[in-house]
Amino acid sequence: MAEEGREEMSSNGESSGAMDTSDLSPPPPAEASEDNGSAATGPEAPADPDPASFSAPPEAQEGDLPADFEHLWKAAHDRPQDFTSWTDLLQYCEQEGHVVASHRALQAFLTHYPLCYGYWKKFVDLERRTGSNDKAEEVCIRGLRAIPLSVDLWIHYVNLLLGTLDMNLSDSPTRIRRVFEDCLTAAGMDFHSDRLWDLYVEWEKEQGNLRKATAILDRVLKVPTQLYNTHYDKLKEHINSHPPKDVLSPEEYEELRALCRQSQKAERAQQAQQEDEERPPGEEGPATPEGVDSEELMQKIRERVLAVRDKVYQENEEEVRKRWHFEEAIKRPYFHVKPLDRAQLQAWHAYLDWEMAELHRDSRDTTQDPSQAAVEGSEPHDAPKDAGIARSDHRVRVLFERCLIACALYEELWTRYIRYLELQSAEEARAVYRRACQIHLPQRPNIHMQWATFEERHGDIAEARRVLEELEKKLPGLVVVRLRRAALERRAGQLEQAESLLREAVAQSTEKPPLHAFYSIKLARLLLKVGRNSSEARRVLQEALEMSPENEKLHLNLLELEVSDASAEAVQECVRRALEAPLTPDTKILLSQRGLQFSEDFSSSIKSVISVYEAHQKLLSELGGTKRPADNGDEDPEKQSKTEEDSTVAAAATQAAPTTTHVPITTPPPPVSADVSAQTGYGAYSSWYQQPQYGGYGYQNSWNYNQGYYPPS
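Fair warning: this is a prediction, and the values are worked out from it, not measured in the lab. (Residues numbered from 1 in each chain as written. Predicted model: local features only at pLDDT ≥ 70, side-chain atom pairs only at ≥ 80, totals over all residues. Heavy atoms only, no water.)

K.L.:
I'd love a proper account of the overall build of the protein, names of residues and values included.
P.N.:
A tally of regular secondary structure across the protein gives 31 helices and zero strands. Here the protein, with 713 residues, has 47% of them falling under the buried criterion. In the protein, the share of contacts with a sequence separation of at least 24, taken over all contacts with a separation of at least 6, comes to 66%. About 35,500 Å² of surface is accessible on the protein, with carbon and sulfur atoms providing 50% of the total. (Helix = DSSP H or I, 4+ residues; strand = E, 2+ residues; numbered from the N terminus. Buried < 20%, exposed > 50% of the residue type's maximum accessible area, 1.4 Å probe, protein only. Contact = heavy atoms within 4.5 Å. Areas by Shrake-Rupley, 256 points an atom, 1.4 Å probe, with all protein chains shown as cover.)

K.L.:
Describe in detail the environment of glutamate 204, supporting the description with residues and values.
P.N.:
Along the chain, glutamate 204 turns up in helix 8 (residues 194-206). The spacing of glutamate 204 and proline 173 is 31 residues in sequence and 9.5 Å in space, taken between C-alpha atoms. If sequence neighbours within four positions are ignored, glutamate 204 has contacts with Arg177, Asn209, Lys212, Ala213 and Ile216.

K.L.:
Tell me about the confidence of the model for the protein, and please be specific about residues and values.
P.N.:
For the protein, per-residue confidence averages 78 on the pLDDT scale, and residues scoring 70 or more make up 70% of the total. Taken as a whole, residues 647-680 scores under 50 in pLDDT and shows 34 contacts with residues more than four places along the chain or in a different chain. In the predicted structure, residues 683-713 sits below a pLDDT of 50 and forms 68 contacts with residues beyond four places in sequence or in another chain. (pLDDT = per-residue confidence, 0-100.)

K.L.:
So what's going on with the side chain of histidine 336? Which residues, and what values?
P.N.:
Structurally, histidine 336 can be placed in the loop between helix 13 (295-329) and helix 14 (342-362). Of note is the side chain of histidine 336, whose polar atom sits 3.0 Å from the backbone nitrogen of lysine 338. (Polar contact = N/O pair within 3.5 Å; in protein donor to acceptor, adjacent residues only side chain to side chain.)

K.L.:
Tell me what's going on with the nonpolar core, and back it up with residues and numbers.
P.N.:
One finds Trp86, Leu89, Phe109, Trp154, Leu196, Leu248 and Ile301 to be the most contacted residues of the largest nonpolar core, which totals 82 residues. The biggest single contributor to this core is helix 6 (residues 151-164), with nine residues. Not counting the four nearest positions on each side in its chain, leucine 196 is found in contact with Val151, Trp154, Ile155, Phe180, Cys183, Leu184 and Ala187. Among the nonpolar cores identified, the runner-up in size contains 44 residues, and Leu340, Cys407, Val432 and Cys437 belong to it. (Core = buried A, V, L, I, M, F, W, Y, C linked by side-chain atoms within 4.5 Å.)

K.L.:
Give a detailed account of the packing of helix 18 (residues 426-440) against helix 19 (residues 445-457), specifying residues and quantitative values.
P.N.:
Running from N to C, helix 18 and helix 19 cross one another at 155°; their axes reach a closest spacing of 10 Å. The orientation of helix 18 with respect to helix 19, classified from their angle, is roughly antiparallel. The handedness of the crossing between helix 18 and helix 19 is left-handed. When helix 18 is examined against helix 19, the residues Ala426, Ala429, Arg430, Tyr433, Arg434, Ala436, Cys437 and Gln438 are found in contact with a partner set consisting of Ile447, His448, Gln450, Trp451, Phe454 and Glu455. Residue composition of the contact of helix 18 with helix 19, grouped by class: eight nonpolar, three polar and three charged. (Axes fitted to C-alpha atoms, helices over the stretch in contact; angles between N-to-C directions. Parallel < 35°, antiparallel > 145°, perpendicular 65-115°, else oblique. Left-handed = near helix turned anticlockwise from the far one by under 90°. Nonpolar A, V, L, I, M, F, W, Y, C, P; charged D, E, K, R; others polar.)

K.L.:
Quick one: what's the story with helix 4 (residues 117-129), residue by residue and with numbers?
P.N.:
Here helix 4 contains 13 residues, and its C-alpha end-to-end distance of 19 Å stays within 8% of the 18 Å for a straight helix at 1.5 Å per residue. The element helix 4 is largely enclosed, with a buried count of 13 among its 13 residues. Where helix 4 terminates, the next one or two residues include glycine 131, which has phi positive at roughly 80°. (Expected span 1.5 Å × (residues − 1).)

K.L.:
Residue-level account of helix 13, with values.
P.N.:
Residues that lie three or four places apart on an α-helix share one face, since the helix turns once every 3.6 residues. Across its 35 residues, helix 13 extends 49 Å between first and last C-alpha, which sits within 8% of the 51 Å expected from 1.5 Å per residue. The principal kink in helix 13, of about 40°, is found at arginine 323. (Bend = angle between axes of the 7 residues up to and from the residue.)

K.L.:
So what's going on with unusual backbone geometry? Residues and values would help.
P.N.:
Despite not being glycine, arginine 532 has its phi angle at roughly 55°, a positive value. Here arginine 532 lies in the loop between helix 23 (513-530) and helix 24 (534-547).

K.L.:
I'd like a description of the pattern of salt bridges, backed by residues and values.
P.N.:
Applying the stated criterion across every chain, the model contains 48 salt bridges. The salt bridge partner of aspartate 353 is arginine 416, with a shortest N-O separation of 2.3 Å. One end of the pair, aspartate 353, is in helix 14; the other, arginine 416, is in helix 17 (residues 411-422), with 63 residues separating them in the sequence. One salt-bridge network, in which partners are shared between bridges, spans Glu319, Lys322, Arg323, Glu355, Glu358, Arg361 and Arg395. (Salt bridge = Lys/Arg side-chain N within 4 Å of Asp/Glu carboxyl O.)

K.L.:
Go over the packing of aromatic side chains, please, and point to the residues and values.
P.N.:
Taken as a whole and assessed by the stated rule, the structure comprises 22 aromatic pairs. Seen in terms of ring centroids, phenylalanine 69 and tryptophan 73 are 5.9 Å apart; in terms of plane orientation they differ by 20°. Their pairing is stacked. One end of the pair, phenylalanine 69, and the other, tryptophan 73, are both in helix 1 (residues 69-78), four residues apart, so they sit about a helical turn from each other. Overall, phenylalanine 69 belongs to the buried group, its relative accessible area being 0%. With a centroid separation of 5.2 Å and 50° between ring planes, the pair formed by tyrosine 433 and phenylalanine 454 is classed as tilted. Note that tyrosine 433 is positioned in helix 18 and phenylalanine 454 in helix 19, a separation of 21 residues in sequence. (Phe/Tyr/Trp six-rings, centres within 6.5 Å; stacked < 30°, edge-to-face > 60°.)

K.L.:
I'd love a proper account of the packing of helix 4 against helix 5 (residues 133-146), names of residues and values included.
P.N.:
Contact pair helix 4 / helix 5: the axes reach a minimum separation of 7 Å and the direction vectors enclose 170°. Here helix 5 runs roughly antiparallel to helix 4, going by the angle between their axes. Pair helix 4 / helix 5 crosses with right-handed handedness. For the pair helix 4 and helix 5, contact is made by Trp120, Phe123, Val124, Glu127 and Arg128 and by Asn133, Lys135, Ala136, Val139, Cys140, Arg142, Gly143 and Ala146, respectively. Classifying every residue of the contact of helix 4 with helix 5 gives seven nonpolar, two polar and four charged.

K.L.:
Give a detailed account of the side chain of arginine 416, specifying residues and quantitative values.
P.N.:
Judged by its relative accessible area of 14%, arginine 416 is buried. Of note is the side chain of arginine 416, whose polar atom sits 2.9 Å from the side chain of histidine 349. If we ignore the near neighbours within four places in the chain, the residues touching arginine 416 are His349, Leu352, Asp353, Met356 and Phe400.

K.L.:
Which residues make up the environment of leucine 421, and what values do they have?
P.N.:
Note on placement: leucine 421 falls in helix 17. The exposure class of leucine 421 is buried, given its relative accessible area of 2%. Along the primary structure leucine 421 and valine 432 are separated by eleven residues, whereas in three dimensions their C-alpha atoms are 8.8 Å apart. Excluding its chain neighbours within four sequence positions, the residues that come into contact with leucine 421 are Arg397, Glu428, Ala429 and Val432.

Set out below in C-alpha cells:
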C-alpha cells in the first residue's frame, strides 16, 4: 500500500514520482496509464524551453499543419467518445513537434477528457516552450479547476511559479504561500497528499520560516494520509534539530518554558535540600544562574512538545488504521476509459458507506475533529461546536470527488453524490449535474433526464426544458426524450406546446410505421384525456390506420375511444374495420369480443345484441377452430383436468391482484359446434364472456420504447 501510487499513476490520473522543488516536475514513469498523458505514448519534453524540438513559433505555422493532421483530427472530432482516436492524434502531433497542431489537439482533447493530468502537464510545458509563462499558468489554473484534487498538478503549478517568479520581490513569497494554502484547502485531505505537505514544509524551511514549518507539520499530523508516520518523524527531527524558541510560536514557547522552569526549580530545590543535608557545615553550594536557559531546560521543553504531539499522532494513526483496508482495495484510483470491474465499484461503494456512517456517528459529537482544523489552519480550542460535523462532511465530499475521478464514467456514483448533496444544497447538486452531463456523460440519457426532473422539482421549468432540448439534439430520435419533453410542457400547463411536440414527432416518423403508430397513439390520448377533443383524437388514429392497418394497438386504442363516446354505430364500425384488416385471429376475436361486451352493456335493442352475438359466434367458428384443434373431447382426461386446474389458478390469481395489467388473450373462447341451433343461443353467451381472462382488454401494455426506439448506432 505504501508504494502504490508511486510506481503507477496516482489517484488523480497522474504519475507520483518524487518532485523537485527547484524546477518543474520530472516526466511520469514509463509504465503509467496512457490515457493520463503518461510517457507510455512517448517521453515528455524537459521542463526548460527547447525551441529546437518544435519547427517554428505559432504565428509562422498557422497555415502549415502536418500532412496527416487533418485526417486524424477529423477522426477524433467526428467520434469524440473514441479515446484511441484522440491519443493517436496527440501522439502524432508530439512526434511531429508541431506547436500549433499540438496546441489545437490538446485544447480539444482536454475539453472532452479533463481528468487526464498528464496531458495538462504537456499543455503547460508546450506553452512554456513558446516562451509564454502567463499562458502556461492559465493552463495550470484551468487544469486545477477541472481536477482540484490533483496533487501532482498542484505541485507542478507551484514549481512553475517557483521557476518564473522573481523571489526577490516582496510579494512573491506571499503569493507562493497563498498558492500552497489553496493546495491544502483543495487536496490536503486526500489520502495521497503527502508530497504536497512535504513540499510546503521544505519551502518554508528554505525561506527560513522554521515556525511556519512547525505549524504545517502540526497540521499534517492531524490528517490521515498514506505516509502519516514519516510526517511525525520529520516533526521530531525538526524539533530536536533547532532551539525550541526558533521553531515554536512565542505563546507556546513561553508557556512551556514557564512550566519547565517551574518543574526544574522544584527538582533543584529538592536536590539542594538533599545536598545541604550532606554538605559540611559552613560550605555553600554552587550558585545557579538566573535567567539563563540551560540545555537541560531546552531538552525538557522538547520532551513536552513531543509528548503533546505524540497524543495527536496516536489519534491520527487510529484514523489511518480504520481507512487502510479501504484504500488497499482501490486498485485504480486514477481516471481511465477502460471499464472498472465490479469489485472496484463495490470497493468505492463500501468506502463511501463507511465514511458516511462515520459522518452520522460524528454528528453526535460536538468536538472538532483535528484533521479539519489542520486543513483550515485553526486550533482545536478555537473551533465552533459544530466543527466535527463540518470536518466529517468535508471528508465525505473529498472521498466522493476522489471516487468520481476513477469512476467518472459511471452514472450510479454521480447520482449517489447528487442525492447526498441535494439534502444540503440544491445549488451544489446542480453543479454536479452540470459536470456530469456536460463533460463526462454527454451521451447518457438517463442522468440528463434525472437532471431535468431535478430542475422541474425545484421550480426551474426553463432549465428543465433546456436540458431536455440539448439532450434531444445530442441523441436525436430517442423516443423517451420526446415524451419527457411533451410531459414537461403538459405539467407546466403548456398544452399547445405538448401537442406540437407530439405532432412534430408524428410527422417526422412517417418513414417508420411502428414509430409513427406509437406517436399517433400518444398524441390521440393527449387530445382525448387532456384536451377533451375526441373528434381530433379519432382523426389522428384513423390517419395512422391508413398507414399501418396491421397495427393492432391502433385498432385497440381507436376502439377504446369509441367506447368512451358510447356510440354503438361507431363501435361496430370500428370492429368491422378491424375484422377487415390484416390482424391476427386472436386480435380480431378480442376486438369482436369487446364490441359484443359494449353491445350488451349499452345497446337499447335486444335484436341488436343478438345480431352482434351471432356475428361473433360466426367469427369464432371461422377462427377459433384453427386455434384449438384439440378441444374436441378427445384430449387425454388427465391433461384436460390439468388444463382446467391451471385455468382455475389463473382466475384466482387475477381476482387476488385486480390491479395487475392484463395482456391480450392468446386463447380464443371455446368454439361452438357446427350446429348453432343446438346451443342455448344468446343465453349461453353469459356463461363464458365474463371469464376473468376477458375482464381486461389487454391493449394498455406499456411499450418498451426506451430500448425499441433507441436511435441506431
